[in-house]
Amino acid sequence: MGKSHFGRRVSGVGTSGRFITLEGGEGAGKSTLLQGLAVELAGQGLEVVVTREPGGTSLGSELRSLLLTSGHAIDPVAELLLYGADRAQHLTEVVRPALDRGAWVLCDRHADSLVAYQAYGRGLPRDLVDRVNALATGGLLPDRTLWLDLPVEEGLRRAAATRGPDRLEAAGLAFHERVRAGFASLACESPDRIVRIEATRSPEEVLAAAVEILAELG
């Protein structure tokens, strides 16, 4: 990638931070894209903060373990509130300070995942999920959300090839189809913020598409 993509922000003087979130189902390639974007942006002279939800803070790491790998049977509302607690702590401790100093924050999952997984996947009332998100975020929205979309069966196959299933991956095909439908609905609701990327393409092609999308932020 050439230096022209983000060149007008290289100086770092007076630049404002950017909050970029990556969303998608299991096995969509978010982690791979996250690392590729971090290298690309850092190469343009930008400060880059790579983080994730849940798990972007010390408290979040403990919550992530409870949510994804523990043997506890978690009530859907309790699950919703745990994700909200992680998000509130993460924005206060990591995201807002980074944005205030002009960094580009790249986050693996954010508020859209809560809607897709808890409202569409679990079937919780959308207004309840939205209220938890509003409380946790304080109204902060990403500058751009990259939705990596691919067929559910392919995503679960990819995920299974790299690691054992966590609580979400083990939830069943129908659950994950509902989650994908949730992301599609959110993209229709917020077309200026959420941009779909065809995730069946190679990692290099996905990265090139993401770089082109983010270059528009200037």
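Before reading on, note that the structure itself is shown above.
For the structure given in this document, a descriptive report is provided here. On a predicted model such as this, the values are computed, not experimentally measured, just so you know.

### Some words on the packing of helix α3 (residues 76–100) against helix α4 (residues 111–121)
Then, in step 1: One can describe the packing of α3 onto α4 by two numbers: an axis separation of 11 Å at closest approach and a directional angle of 175°. By the criterion of interaxial angle, the relationship of α3 to α4 is roughly antiparallel. Contact with α3, carried on its side by E79, L80, Y83 and R87, involves A111, L114 and Q118 of α4 and no other residues of that element.
Then, in step 2: Each residue belonging to the contact of α3 with α4 can be placed in one class, and the counts come to 4 nonpolar, 1 polar and 2 charged.

### A closer look at the pattern of salt bridges
It is possible for side chains of opposite charge to pair when their charged atoms get near one another.
Then, in step 1: Scanning all chains against the criterion turns up 15 salt bridges.
Then, in step 2: Here E53 makes a salt bridge to R87, at a shortest N to O gap of 2.6 Å. Note that E53 is positioned in the loop between β2 (48–52) and α2 (58–69) and R87 in helix α3, a separation of 34 residues in sequence.
Then, in step 3: The class of E53 is buried, set by a relative accessible area of 3%.
Then, in step 4: Across the pair R180 and D149 runs a salt bridge whose closest N-O atoms are separated by 2.8 Å. Here R180 is found in helix α7 (residues 173–189), whereas its partner D149 is found in strand β4 (residues 144–149), with 31 residues between them in sequence.
Then, in step 5: Each of D149, R180, R196 and E198 takes part in one network of salt bridges that share partners.

### Concerning helix α6 (residues 152–162)
Then, in step 1: Among all positions in α6, only V152, G155 and A159 are buried. With its buried residues spanning 65° around the axis, α6 presents them on a single face. Turned more than 90 degrees away from the buried face of α6 sit E153, A160 and A161, all of them exposed.
Then, in step 2: Turning to α6, the residues buried within the fold contact α7.

What counts and how
- Residues numbered from 1 in each chain as written.
- Predicted model: local features only at pLDDT ≥ 70, side-chain atom pairs only at ≥ 80, totals over all residues.
- Heavy atoms only, no water.
- Axes fitted to C-alpha atoms, helices over the stretch in contact; angles between N-to-C directions.
- Helix = DSSP H or I, 4+ residues; strand = E, 2+ residues; numbered from the N terminus.
- Parallel < 35°, antiparallel > 145°, perpendicular 65-115°, else oblique.
- Contact = heavy atoms within 4.5 Å.
- Nonpolar A, V, L, I, M, F, W, Y, C, P; charged D, E, K, R; others polar.
- Salt bridge = Lys/Arg side-chain N within 4 Å of Asp/Glu carboxyl O.
- Buried < 20%, exposed > 50% of the residue type's maximum accessible area, 1.4 Å probe, protein only.
- Arc of directions from axis to C-beta.

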